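Chains, contacts and geometry: an overview
For reference, the chains in residue letters:
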There are 2 protein chains.
Amino acid sequence: MVLTFTEENYLKSLFKISIENENQEVGTTTLAAVLGVKAATANDMLKKLKEKDLVLYEKYGKITLSIVGRTKAIEVLRKHRLWETFLYEKLEFSWDEIHAVAEQLEHIQSEKLVEQLDKFLGYPAFDPHGDPIPNQNGEMKVQFKETLSQIPMGTNCKMVGVKDNSSAFLQYVGKLGLGINVDILVVSIQDYDAMMLIEVGDQTLTISSKCSENIYVVQ
Amino acid sequence: MVLTFTEENYLKSLFKISIENENQEVGTTTLAAVLGVKAATANDMLKKLKEKDLVLYEKYGKITLSIVGRTKAIEVLRKHRLWETFLYEKLEFSWDEIHAVAEQLEHIQSEKLVEQLDKFLGYPAFDPHGDPIPNQNGEMKVQFKETLSQIPMGTNCKMVGVKDNSSAFLQYVGKLGLGINVDILVVSIQDYDAMMLIEVGDQTLTISSKCSENIYVVQ
DNA sequence: TTAAACTGTTAGACTAGTCTAAGAAAGTTA
DNA sequence: TAACTTTCTTAGACTAGTCTAACAGTTTAA
Ligand SMILES: [Mn+2]
Ligand SMILES: [Mn+2]
Ligand SMILES: [Mn+2]
Ligand SMILES: [Mn+2]
């Protein structure tokens, strides 16, 4: 079954909301907000997706992806992250530019294209933001990770990803000299506002809690 | 001005018709046929394109691209042929598979993507079918070429392109051992039906006039 | 336990892109 | 030139995706 550009975006958003907000139930309003449409619009589309058995959904009830819907969503996510990797690795895009273009490229329909792209890139397991790339079977490597804000004083850790994918945040983080695989030493943490003093290479930086909560690390 | 997927296809088709049928005037019916829509549909779209100053067109008159329309058309063609080259050169696609996927990729909006792709491919002047790729300024290398059917008996020539881009034709031609840059010797031509006996490498082939008329060569 | 606030649904309208059916204009031919 | 054929245009209808405005159901909290 070939889905429209729009249907794919709804499924992808539902999937992303469900993994981000773990246990939380997804409602019309949240979905609409994520997609940048009005609740009425999302409601209309949900009826259509239900009709096509892509979501499970009853009036006033919570929204869940069907098996097929979930599979489709993962396929789109796979394409999105492969394209992001391509743009970053092969076409000299910076990590804050890739998302917008991948939003378009993720909708190109061609089995062969996806598989050849994956091969061309050497079957990457993570995209340039540290997010896992689903393989052909829809499986993703789950990497244990914490936010930098959870790391205690005096501890070393390594950056492995970001929670906030906005280009504003990515640009800021990049400018600080942070990025995937960068080693970080937590020097001190302010009691009052959780401001963090960290050491990155030979630089010492002060970052807000808003920032440290959006950086993923492993110890 | 950002155009829709559909508007881009209308402009591209108008441009392609105008270079293929050289002097011939383009009408609603032809345009509709090329795009696979009904004449009424094409007529509706022409009114919209005229409104946006992308085509010059008066009721019952002939259709011409405006400067802006032509520029847009060439941009799409540039993207189409760069993507075809990418798929062929980097992703192991065969020359009969690339067109369909490029039809989708040609609509991705990103200046940087096009320019980086061009750079990544080494600024190619021709696509895998031998068609010229417009450069950033919209200029194309014009290569003098004849159809194989115009080559006299006993003459050597080199294949540089195809007129028919259908995958059926491309597959057939490929199976015969023909392709871009292949050397061809015209051994003999039948008076009756213009069937051609040609030598390609150590092979001798017999091809119909329909076939030889769709192969471009240089002497 | 009822009022207020929030969340979700419906009705009706709009645009882009398409169609069919009908008719008008232009071109061709007897 | 009149009749026929072809090409082009219009009118009206449909789908996908969106909106606003109004209303209905659910949750919260006094
Ligand atoms: Mn992304
Ligand atoms: Mn998308
Ligand atoms: Mn092509
Ligand atoms: Mn196209």
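Anything mentioned here points back to the structure above.
Residues numbered from 1 in each chain as written. Chains lettered and ligands numbered in written order. Predicted model: local features only at pLDDT ≥ 70, side-chain atom pairs only at ≥ 80, totals over all residues. Heavy atoms only, no water.

Let us look at the overall build of chain A. Of regular secondary structure, chain A possesses 8 helices and 8 strands. The C-alpha atoms of chain A give a radius of gyration of 19 Å, which matches the 17 Å a tight globule of 219 residues would have. Residue burial in chain A is summarised as follows: out of 219 residues, 44% are buried. By sequence separation, contacts in chain A at least 24 residues apart represent 60% of the contacts at least 6 residues apart. Positive and negative side-chain charges in chain A, numbering 23 and 31 respectively, have mean positions lying 7 Å apart. (Helix = DSSP H or I, 4+ residues; strand = E, 2+ residues; numbered from the N terminus. Rg over C-alpha atoms; globule rule 2.2 N^0.38 Å. Buried < 20%, exposed > 50% of the residue type's maximum accessible area, 1.4 Å probe, protein only. Contact = heavy atoms within 4.5 Å. Lys, Arg positive; Asp, Glu negative; His and termini not counted. Charge placed at Lys NZ, Arg CZ, Asp CG, Glu CD.)

Another point: the protein's contact with DNA strand C. The immediate surroundings of DNA strand C are formed by 21 residues, with Thr29, Asn43 and Tyr60 of chain A together with Thr4 and Thr41 of chain B found nearest. Of everything in DNA strand C that lies within 4 Å of the protein, sugar and phosphate atoms constitute 77%. Within the side chain of asparagine 43 of chain A, one N or O atom sits 2.3 Å away from a phosphate oxygen of DNA strand C. A distance of 3.4 Å separates a sugar or linking oxygen of DNA strand C from a polar atom in the side chain of tyrosine 60 of chain B. The set of elements that each furnish at least two residues to the surface near DNA strand C consists of helix H2 (28–35) and helix H3 (39–51) of chain A together with helix H1 (5–20) and helix H3 (39–51) of chain B. Looking at the surface near DNA strand C element by element, the count peaks at 5 residues for H3 of chain B. A class-by-class count of the residues in the surface near DNA strand C yields 9 nonpolar, 7 polar and 5 charged. (Near = heavy atom within 4 Å. Polar contact = N/O pair within 3.5 Å; in protein donor to acceptor, adjacent residues only side chain to side chain. Nonpolar A, V, L, I, M, F, W, Y, C, P; charged D, E, K, R; others polar.)

With that settled, the discussion passes to the relation of the copies chain A and chain B. Each copy of the sequence occupies a distinct position, and chain A is placed on chain B by a rotation of 180° and an axial shift of 0.0 Å, giving an RMSD of 0.0 Å. Expressed as a symmetry operation, the mapping of one chain copy onto the other fits a two-fold axis. Of every C-alpha in chain A, the one belonging to leucine 105 of chain A sits nearest the axis of rotation, 3.8 Å from it. Here 100% of the interface residues in chain A have copies in chain B that are interface residues too; the copies meet face to matching face. (Least-squares fit on C-alpha atoms with pLDDT ≥ 70 in both.)

Right, let's talk about the pairing of strand S4 (residues 156–162) of chain A for a bit. All names here are of chain A. Burial runs high along S4: 5 of the 7 residues are buried. The pairing of S4 with strand S5 (residues 183–189) spans 3 bridges and is antiparallel. Each bridged residue has a counterpart across the sheet, and for lysine 158 the counterpart in S5 is aspartate 183. Looking at chain direction, S4 and strand S8 (residues 215–218) are connected through 4 bridges and run antiparallel. Pairing of methionine 159 across the sheet is with valine 217, part of S8. (Pairing = 2+ DSSP bridges.)

Before going further, it helps to examine the interface of chain A and chain B. Counting residues at the interface gives 21 residues for chain A and 21 residues for chain B. If you sort the residues of chain A by the area they bury against chain B, Leu91, Gln104 and Lys112 of chain A come out on top, with a joint share of 26%. If you look at where chain A meets chain B, you find 4 salt bridges. One salt bridge connects glutamate 97 of chain B with lysine 112 of chain A, and the closest N-O pair in it is separated by 2.9 Å. The interface formed by chain A and chain B contains 8 residue pairs in polar contact (both at pLDDT 80 or more). Contributions of two or more residues to the side of chain A that touches chain B are made by helix H4 (67–90), helix H5 (98–105) and helix H6 (111–120) of chain A. For the side of chain A that touches chain B, the element with the most residues is H6 of chain A, which contributes 6 residues. Here the side of chain A that touches chain B is built from residues that sort into 11 nonpolar, 5 polar and 5 charged. (Buried area = accessible area lost by both parts, 1.4 Å probe. Salt bridge = Lys/Arg side-chain N within 4 Å of Asp/Glu carboxyl O.)

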